[in-house]
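# A closer look at the structure
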Amino acid sequence: MDIPSGLDQIKATYGDITKYIDSDGNLSPDWETEKIVRISLPKPLLFDGTEITRITAHALIASTMSQILSDILATNLWESINPYNGGFNYRAQRGSTIISAHAWGIAWDFRAAQNKLGSVGTMNQDVVAIFDKYHFLWGG
């Protein structure tokens, strides 16, 4: 799958989330029911100090995300993505009114304190390479 470029391509690929926004500005639960799945982690991660065994992803890329996580574990890079700081979340991009890729379930935050959006960050470049191998973009 090619990487969608821009909001129109994201909508075309993963669905038009705007059709699921209620008149009060909230996201209808139908979006999550129809588009978002939980995937099992090959090893637990910490989220807000609690060990978790599943994360969320858009149904179209769930199997790819599972493979990425398996590759990260197999190459002894698991601690490079711990803690997990979130995935699916209906919200705007920080400092913007544009809907975040997190709303589609196609973005995840790992070690967010060290890897702020738009910063160079400290993410292990081997982890970035694994995501790149599967056609994901690194937000750092």
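Our structure's up above, just so we're on the same page.
Residues numbered from 1 in each chain as written. Predicted model: local features only at pLDDT ≥ 70, side-chain atom pairs only at ≥ 80, totals over all residues. Heavy atoms only, no water.

## Observations concerning the layout of surface pockets
Taken as a whole, the largest pocket encloses approximately 1,200 Å³ of empty space. Contributing to the lining of the largest pocket are 39 residues, with Ala101, Ile106, Ala107, Leu137 and Gly139 lying nearest its centre. The set of elements that each furnish at least two residues to the lining of the largest pocket consists of α1 (7–14), β4 (109–110) and α4 (125–133). The element that contributes the greatest number of residues to the lining of the largest pocket is α1, accounting for three residues. Here the residues of the lining of the largest pocket are counted per class, giving 25 nonpolar, nine polar and five charged. (1 Å grid on protein atoms, 1.4 Å probe; cavity = no way out; pocket = protein on both sides within 12 Å on 5 of 7 lines; lining within 4 Å. Points joined across faces, edges and corners; volume = space filled by probe spheres on them. Helix = DSSP H or I, 4+ residues; strand = E, 2+ residues; numbered from the N terminus. Nonpolar A, V, L, I, M, F, W, Y, C, P; charged D, E, K, R; others polar.)

## Some points on the packing of aromatic side chains
The geometry of an aromatic ring pair is captured by two quantities: the separation of the ring centres and the angle between the planes. Taken as a whole, this structure holds six aromatic pairs when the rule is applied. Seen in terms of ring centroids, tyrosine 84 and phenylalanine 110 are 5.6 Å apart; in terms of plane orientation they differ by 55°. Their pairing is tilted. You can see tyrosine 84 sitting in strand β3 (residues 84–86) and its partner phenylalanine 110 sitting in strand β4, a full 26 residues away along the chain. Considered together, tyrosine 84 and phenylalanine 110 belong to a single accessibility category, that of buried residues. Site record: aromatic cluster; members linked through ring pairs are Phe47, Tyr84, Trp108, Phe110, Phe131 and Phe136. (Phe/Tyr/Trp six-rings, centres within 6.5 Å; stacked < 30°, edge-to-face > 60°. Buried < 20%, exposed > 50% of the residue type's maximum accessible area, 1.4 Å probe, protein only.)

## Description of the environment of glycine 86
The residue glycine 86 is located in strand β3 in this model. With residues up to four places along the chain from it excluded, the contact list for glycine 86 reads Phe47, His102, Ala107, Trp108 and Asp109. (Contact = heavy atoms within 4.5 Å.)

## Some words on the environment of leucine 77
Along the chain, the position of leucine 77 falls in the loop between α3 (62–74) and β3. For leucine 77, a relative accessible area of 9% corresponds to the buried category. Once you skip the residues sitting within four places of it in the chain, leucine 77 turns out to touch Ile72, Asn124, Asp126, Val127 and Ile130.

## A short note on α3
Here α3 is 13 residues long and its end C-alpha atoms lie 18 Å apart, about the 18 Å a rise of 1.5 Å per residue gives. Burial in α3 covers these residues: Ala62, Met65, Ile68, Leu69, Asp71 and Ile72. Considering only its buried residues, α3 is in contact with β1 (36–47), β2 (50–58), β4 and α4. Looking one or two places after α3, you find asparagine 76, whose phi comes out positive at around 60°. (Expected span 1.5 Å × (residues − 1).)

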